[in-house]
Amino acid sequence: MPGSEAFDLRRFLQSDGRNAGVWIALVALILFGLARYENFGGAYNIVSFLNYNSMFIVISIGMCFVIMTGGIDLSVGSVAAFTSVVAAYLSPYGIEVALPGGVLAGAAFGAINAFCIIAMRIPPFIATLATMLAAKGGALVISGAQTISVDWGSNFTKLGMEKAFNVVPWTIVIVALVAIVLWAVLEHTSLGRTVLAIGGSEDASNLMGLKVNRAKVFVYLISGGCAGLAGVFLASGYGAGQPLEGIGWELSAIAAVVVGGTLLTGGLGSVTATVAGALLLGLVFNILNFENGRGTISLSAYWQMVIRGGFLFVVILLQTRMTASRQKAG
Amino acid sequence: MSDGSLSGGKAVSRTTPALSLSTLRTHGGLIALLLILVFNALFTPNFLQVQTLFVNISQVATIAIVAIGMTLVIATAGIDLSVGAVMALAGALAPLIFQSEFGTVYPALGIAAAFILPLIAAGLCGLFNGVMISYLNVQPIIATLILFISGRGIAQVLTNGNLQTFSNPYFSYLGTGKILGLPFQGWLALALAVAVYWLVSRTIFGRYLLAVGGNEKAARLSGAPVRMVKIGAYVLCAFLSGIAGLIVVAINSASDAARNGNLMELDAIAAAVVGGALLQGGRAPIFGAILGAIIIQLVKYTLLANGVEDEVALIAKAAIIVLAVYIQQARKE
């Protein structure tokens, strides 16, 4: 039964032992924050931290699937900006329409990516670079380059601003559900095994008769849909569709996936470690903000870009070392 | 729309496969250029004027210079996403140098340093990319992502995010000067193209470059210094991006780290691919890249001059990139 395996600590450690680094770093950073800042462990910081990072976590999960097949999706940031506008336009019809509408709009871009990559055989990064441009252009066209206010009278804003049972924000509940479902798909279905097999060797997967194209369509649809969901969160949390947002989100997602131990060449990967990677990246900036607030350092938004790049550099170096040593051992 | 034209292309290729596909590949760029020119001559107001020519030459020069470098990188089966960030970095450094205390006391030395130091910094960015890729075996798209993110950040940290304005006739010559009545940067782009063409077609470096892109393993076995060749390609690409960054700053008499070179990686990749570069490496059509840059620029200009919004132009550019890569990919089959 899959459910019992989910809580088997030993199996978890075995399969995820490779990703022990990200978990240790996450726990260490949390302990550091708790020891150093008074309000770090407060409900307000925890809830707003998770609420803000829900967008990045969900995008990172989608990206993780694409990268496991050896592909990449550079369009997620623009697609999220596009779907935030779509969700804002649909918000008068309520959350029942705006949420699926935004996710479907994102999945539509995923379908375009899949068509270009599979039918037209265009390399993933070129195809998704093009949809990145198209989504950005599309978002600006349908919004007239303006932020589009959501309908405050409808129940749409509850999604980003209210909590389930007054405890957990709805965005976090939804992200958790997405993560659990996709984790189960990856770990316990033939589709998930095919995704990993493609990243290992696409030719071999084809020869084994695996449904390679179906799995590739799946990963780009998931990535687009996850980006769509992030756009819905964006519109609902900030009360507006924002066509100019999403710049650099694809990089945060790629960084989170890499930090989570997923190999960029594909074939290996984990949903849980990706979530941990996204949390770790978010936490680095949360802690930098606390330091800023203390006045001990003063970091502008520009420094944050430099730090983000530096962080990616360190992680890539470590991962390269790791794969090199494993290849030697193997 | 694109779907219809694609299936149309396939139908033609089925009846006369060799002819139509190869014509499209070898002369596609020229045919496209001709079509755009005829369209503009007929429909775009004021297209056949000297002013229009100047505007287009000065715009195309920066795309062309970066596209030449991108072509070298693509020839090694790599890609460089950091070109725009390197432009911003070089562009931010130059005014900082000639407006510094040293630069105002020794104007001549200041100007010289404002050309040389930013280009050295750009070259170092290329060295970073090249070492990551050839010694640490990081995929090019990921390795160049690092500077893509942090390069522009460094430029903004250096300038505190401010727009630097200046009036310096010597430095501005790079952007506004004219030789034989035509913009200086147009001549510069042409000179660089000739120099790089010579490098690719007449030197050992060029032969190794194409060999590395064609078959890296074979090149290594036959004794080509694969790592040095790759590093050379990324350094040259970054160096050329640095020149383009200086030109943009000189044209505007202002340096804006947030906007200089923004989305240039897309224009450069598009120009290189439209010009006939193969993403799997092995070809370095330098003058093709120039042709590609002209096409990209003319498409932008045509849309803008005919009142199409900038945003729609982004979608058109996306379609051009996909179509060009699709036509190039067909070559493999």
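Here the structure is a predicted model, which means the values were calculated and not measured. (Residues numbered from 1 in each chain as written. Chains lettered and ligands numbered in written order. Predicted model: local features only at pLDDT ≥ 70, side-chain atom pairs only at ≥ 80, totals over all residues. Heavy atoms only, no water.)

A tally of regular secondary structure across chain A gives 15 helices and four strands. For 330 residues, the compact-globule estimate of 2.2 N^0.38 gives 20 Å, and chain A sits close to it at 20 Å. Principal axes of the C-alpha set define a box for chain A whose edges measure 55 × 50 × 40 Å. For chain A, the residues scored as buried account for 55% of the 330 residues in total. At a minimum sequence separation of 6, the contacts of chain A that also span at least 24 residues come to 77%. Charged side chains of chain A number 17 positive and 14 negative; the gap between the two group centres comes to 8 Å. (Helix = DSSP H or I, 4+ residues; strand = E, 2+ residues; numbered from the N terminus. Rg over C-alpha atoms; globule rule 2.2 N^0.38 Å. Buried < 20%, exposed > 50% of the residue type's maximum accessible area, 1.4 Å probe, protein only. Contact = heavy atoms within 4.5 Å. Lys, Arg positive; Asp, Glu negative; His and termini not counted. Charge placed at Lys NZ, Arg CZ, Asp CG, Glu CD.)

Looking now at the UniProt feature "transmembrane region" (unreviewed entry) in chain B. Residue and element names in this part refer to chain B. Mapped onto the present numbering, the UniProt feature "transmembrane region" (unreviewed entry) falls at residues 29-48, 60-93, 105-128, 140-159, 179-200 and 231-251. Annotated as residues 140-159, this span is 100% helix and 0% strand, and its ends, taken at the C-alpha atoms, are 28 Å apart. In residues 231-251, helix accounts for 100% and strand for 0%; the two terminal C-alpha atoms are 30 Å from one another. (UniProt positions renumbered as here; feature names shortened; annotations may be inferred.)

Residue and element names in this part refer to chain A. The UniProt record marks residues 20-37, 49-67, 97-118, 125-147, 167-186, 217-240, 271-289 and 301-318 with the feature "transmembrane region" (unreviewed entry), using the residue numbering of this structure. Counting secondary structure, residues 20-37 comes out at 94% helix and 0% strand; the distance between its end C-alpha atoms is 26 Å. Helix makes up 100% of residues 49-67 and strand 0%, and the two end C-alpha atoms of the span are 26 Å apart.

Here we take up the nonpolar core. Counting 193 residues, the largest nonpolar core has Phe 65, Phe 218 and Ile 254 of chain A together with Ile 142 and Phe 171 of chain B as the members making the most contacts within it. For this core, the element with the most residues is helix α12 (residues 212-238) of chain A, which contributes 14 residues. Sequence-distant contacts of Ile 254 of chain A, that is, excluding residues within four places in its chain, are made with Met 63, Ile 72, Leu 74 and Leu 264 of chain A together with Ile 142 and Leu 145 of chain B. (Core = buried A, V, L, I, M, F, W, Y, C linked by side-chain atoms within 4.5 Å.)

A word on the pattern of salt bridges. Residue and element names in this part refer to chain B. Under the defined criterion, the tally for this structure stands at five salt bridges over all chains. A salt bridge links Glu 216 to Arg 220, with the nearest nitrogen and oxygen atoms 3.2 Å apart. Residue Glu 216 and its partner Arg 220 are both found in helix α11 (residues 216-221); the two are separated by four residues, about one turn of the helix. What makes Glu 216 partly exposed here is its relative accessible area of 28%. When its relative accessible area of 47% is taken as the criterion, Arg 220 is described as partly exposed. Salt-bridge contacts for Asp 267 lead to Lys 317; the nearest nitrogen and oxygen are separated by 2.9 Å. (Salt bridge = Lys/Arg side-chain N within 4 Å of Asp/Glu carboxyl O.)

This brings us to the packing of aromatic side chains. Taken as a whole and judged by the stated rule, the model has 16 aromatic pairs over all chains. Where Phe 313 of chain A meets Phe 128 of chain B, the ring centres are 5.2 Å apart and the plane angle is 55°; that geometry is what we call tilted. Note that Phe 313 of chain A is positioned in helix α15 (residues 301-329) and Phe 128 of chain B in helix α6 (residues 107-134), a pairing that runs across two chains. Their ring planes at 25° and their centres at 5.3 Å tell us that Phe 115 of chain B and Phe 171 of chain B sit as a pair that is stacked. One end of the pair, Phe 115 of chain B, is in helix α6; the other, Phe 171 of chain B, is in helix α8 (residues 169-176), with 56 residues separating them in the sequence. Members of the aromatic cluster, connected to one another through ring pairs, are Phe 32, Tyr 37, Phe 40 and Phe 290 of chain A. (Phe/Tyr/Trp six-rings, centres within 6.5 Å; stacked < 30°, edge-to-face > 60°.)

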